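# Chains, contacts and geometry: an overview
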Amino acid sequence: MFRTTSRISQHLRSLLFGASVAAGVTMAMGGIVGCADENDPETHVKYLQDPAKRTPAVNRLVQFFEDAMTKDKGDRTGPSVKPLLDKIVEPMSQTCVNDDLDEKTRSKVVKFLSDARDPRGGPCLIKTLKDYKPDSTEEDVRAAARGVGPMKLKEASGPLFEAFTKIKNSKPKAQLITLDVTNALVELSDPSWESQCVNMIGKPINDRKDMNLFKDELYWQVTCARILGNLKSANAVKPLIKIMLSPIKGDMQATTMYALIKIGKPAIDPALKLLRGEDTELVEYAKVEFLKAQTGEDGKVPDAAKKPAETAYLNPAALILGSIGREEAAAPMVEALAKADDTGKVIIARELLKLPSSPDTLKAVQTVYEKTPPGLTIPPGANAREALLERMSYTFDASLVPWLVKDALALKGDEGDLETVRAATFQTTMKLMKPDQVAEVDKLYDAKINGPDGKPTQLGKAYEKEYKATKALLTECGDKLDCYFGKLSDPNTAVGDGQIVGIKSAYMVGVLGTPEIRAKLADTMPKIANDGIRFASVQVIDHFAPKGDAASAAKLQKIVDDAEATKDQKKIQSVNFFKEVVYRLNARQ
């Protein structure tokens, strides 16, 4: 028994030793399997192939990206971000394309690939656009659009446009993504979309009672107008003009006008034919659309609308030609004055003042002005003479000052109308007058603004400080252009009463300057803090560029782009007025 016990003990020791060895091997193997570096992105890339580990792997890889972006201060080409993207973008995109993700995780991958702005992630973003399901995948489509637009991912053009056509702006969920999709479309502006967009903007709207339908069409047509403007599409000119002729499409007309300005020269001849009444199709279209907009609830058109319907084409044609601003439109517009009624004459004259100035156009405008009754109003309810005076100030022609003063002093009519015109005249003469014309403007101020008895009227009190500052500036700077130029970016003219000095200085740069001043003004623009001063300065650049100016346009566009990149709506709005001038500077070439 002893021997048997001993043998059993040896056997037990052998078993225990074997077990311990086996355990050691198992532990060692477990250590080898479990020693994968969890801080290595490639570890988590491998986990993407394992359904059980895929979701946490996605979360970890996204965290790696966010940490790297923080470390490199948002620089996607930085030393931490770029090597990471080289490792993880393609596997993440492939996982998305393979449909191996739940909805929440897929959205996270789409957002990551959008934020990464790496073309290797394009297949996932393209698939997301192709798979757009209205009222379901809007968030994913928004993320995809935010990626393909800035990357200008041409391969995404077809799916992006297809998604665009499915979006109905009348639906709440769709409204969350319309801006991002539009931005992507405008950034890509693929020529392959031209014919589809031309067809879309040509779709008629018979009335605005069906607001859902109107919202949808408004979104599609406005977006397409922007694309067609970027493409400088000559094929789009006539359909775009039709939008300008349709009062029902009034909400689309500002964007449409920008598109026509961008297209430039190809839009001039069709607009001139319309102005002359030679395009019978457009003339009739304008008449029908005008009457359609005037139709009452009873389905009848008021008799008073029938006569203006005959010339409903005239004002939009003048507006198009004036906004594009090419000098070849001047003579036909002067000729068109003879056809127009009093309101039409004022509108055409106002648009003539947007063209490069010449003695003939200025004389034609002065004739219209002198014959315009002080109480006449033009759409949308502005005093006609006041509208002309505002545009006259952008001629930067000080020779107009004596004529304006004489006309204002001789005006007769209703005192309320006269006060409005005199105030506008006084403002224009203050902007344009040179130091040797102060005495001339004093005549108007003393007789009609300040009151004939020397006691300030309400109007006089309103302008007292402004006039005093203007005269002090003229005394200080005289005819020295550099003196006025220095005031534009002076911090003291950016706020408060100093703005008066800054704005008048901008006008004096126009009055005393030459075309060579454009480049200096464009370079100074980022230093000008006040919107009013910038607005007047931009008009000076426009005035001195009758043949266009690509260099100044590029500088102004950069200011617009920089403002839009901040996503600050206040900054964006403060430079919005640059756009029309930029488009016109390019269109005149």
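Read on for a plain summary of the structure. Keep in mind that this is a model prediction, so the values were computed, not measured.

## Things to note about the nonpolar core
Core analysis: the biggest nonpolar cluster contains 184 residues, and F112, V181, M392 and L556 have the highest contact counts within it. The contact partners of F112, leaving out residues within four places of it in the chain, are V62, F65, L85, I88, V89 and M92.

## A closer look at the packing of helix α14 (residues 253–263) against helix α18 (residues 314–324)
Viewed as axis vectors pointing N to C, α14 and α18 meet at an angle of 55°, and their least axial separation amounts to 9 Å. Judged by the angle between their axes, α14 and α18 are oblique. Note that α14 runs across α18; the crossing there is right-handed. Residues M257, L260 and I261 of α14 touch α18, and the partners they reach there are L319, I320, S323 and I324. Of the residues belonging to the contact of α14 with α18, the class tally is six nonpolar, one polar and no charged.

## Some details on the pattern of salt bridges
Using the criterion set out here, one finds 40 salt bridges in the structure. Across the pair D523 and K555 runs a salt bridge whose closest N-O atoms are separated by 2.9 Å. A residue pair is termed long-range when its members are at least 10 positions apart, and D523 in helix α29 (residues 517–524) and K555 in helix α31 (residues 550–565) qualify at 32 residues. In this structure, E580 and R584 form a salt bridge, with 3.0 Å as the shortest nitrogen-oxygen distance. Of this pair, E580 and R584 both sit in helix α33 (residues 578–587), separated by four residues, roughly a single helical turn. With relative accessibility at 4%, the residue R584 sits in the buried group. Put simply, K82, D86, D118 and R120 are held in one network by salt bridges that share partners.

## Observations regarding the packing of aromatic side chains
Geometrically, a pair of aromatic rings is defined through the distance of the ring centres and the angle of the planes. Applying the stated criterion to the full structure yields 15 aromatic pairs. Seen from their ring centres, F164 and Y219 are 5.5 Å apart, and the 65° between their planes marks the pair as edge-to-face. Remark: Y219 occurs in helix α12 (residues 211–230) and F164 occurs in helix α8 (residues 157–166); sequence separation between them is 55 residues. Y219 shares its class with F164; the two are buried. Aromatic ring contacts, followed pair by pair, group Y394, F396, Y507, F535, F577 and F578 into a single cluster. Over the ring of F64 we find R60, and its NZ or CZ is 4.0 Å from the ring centre. Residue placement shows K520 over the ring face of F485; its charged tip is 4.3 Å from the ring centre.

## Describing unusual backbone geometry
Going from P379 to P380, the amide bond is cis rather than trans, its omega being 5°. Among the secondary structure elements, P380 is positioned in the loop between β1 (377–378) and β2 (382–383). For D135, which is not glycine, the phi dihedral falls at a positive 65°. Looking at where D135 falls in the secondary structure, it is placed in the loop between α6 (122–130) and α7 (138–151). Look at D135 and you get partly exposed, because its relative accessible area is 37%.

## Here's the deal with the environment of V110
Among the secondary structure elements, V110 is positioned in helix α5 (residues 103–116). By relative accessible area, which is 0% here, V110 ends up buried. Remark: the alpha-carbon pair of V110 and R142, spanning 32 residues in sequence, is separated by 9.7 Å.

## Section: helix α28 (residues 498–512)
The end-to-end C-alpha separation of α28 is 21 Å, in line with the 21 Å expected for 15 residues at 1.5 Å each. By the criterion of burial, α28 is predominantly enclosed, with 12 of the 15 residues buried. Taken together, the buried positions of α28 are occupied by G498, I500, V501, G502, K504, S505, A506, Y507, M508, V509, G510 and V511. As for α28, its buried residues are in contact with α24 (415–432), α26 (458–477), α27 (481–488), α29 and α30 (531–543).

## Some details on the state of the cysteines
Within this structure, the stated rule accounts for three disulfides. Here C96 is linked by a disulfide to C124, with a sulfur-sulfur distance of 2.2 Å. Measuring handedness by torsion sign, the sulfur bridge of C96 and C124 sits at about 75° and is right-handed. Placement of C96 in helix α4 (residues 81–97) and of C124 in helix α6 is noted, with a sequence separation of 28 residues between them. Like C96, the residue C124 is buried in the burial classification. Indicated for the protein is the disulfide connectivity 1-2, 3-4, 5-6, based on numbering the bonded cysteines in sequence order.

## Some points on the layout of surface pockets
The computed volume of the largest pocket comes to approximately 1500 Å³. Lining the largest pocket are 42 residues, with N183, V186, R226, E564 and K579 sitting closest to its centre. Taken together, the elements giving at least two residues each to the lining of the largest pocket come down to α7, α10 (178–188), α12, α14, α31, α32 (569–574) and α33. Looking at the lining of the largest pocket, its residues break down into 17 nonpolar, 13 polar and 12 charged. Considered as a void within the structure, the second largest pocket measures approximately 870 Å³ in volume. In terms of lining residues, the second largest pocket is bounded by 29 residues, among which N315, P316, L319, I347 and P379 are the most central. Per-element tally for the lining of the second largest pocket: the top contributor is α18, with five residues.

So, how was this worked out
Residues numbered from 1 in each chain as written. Predicted model: local features only at pLDDT ≥ 70, side-chain atom pairs only at ≥ 80, totals over all residues. Heavy atoms only, no water. Core = buried A, V, L, I, M, F, W, Y, C linked by side-chain atoms within 4.5 Å. Buried < 20%, exposed > 50% of the residue type's maximum accessible area, 1.4 Å probe, protein only. Contact = heavy atoms within 4.5 Å. Axes fitted to C-alpha atoms, helices over the stretch in contact; angles between N-to-C directions. Helix = DSSP H or I, 4+ residues; strand = E, 2+ residues; numbered from the N terminus. Parallel < 35°, antiparallel > 145°, perpendicular 65-115°, else oblique. Left-handed = near helix turned anticlockwise from the far one by under 90°. Nonpolar A, V, L, I, M, F, W, Y, C, P; charged D, E, K, R; others polar. Salt bridge = Lys/Arg side-chain N within 4 Å of Asp/Glu carboxyl O. Phe/Tyr/Trp six-rings, centres within 6.5 Å; stacked < 30°, edge-to-face > 60°. Lys NZ or Arg CZ within 6 Å of the ring centre and 35° of its normal. Expected span 1.5 Å × (residues − 1). Disulfide = S-S within 2.5 Å. 1 Å grid on protein atoms, 1.4 Å probe; cavity = no way out; pocket = protein on both sides within 12 Å on 5 of 7 lines; lining within 4 Å. Points joined across faces, edges and corners; volume = space filled by probe spheres on them.

Read these as geometric descriptors, not functional statements.
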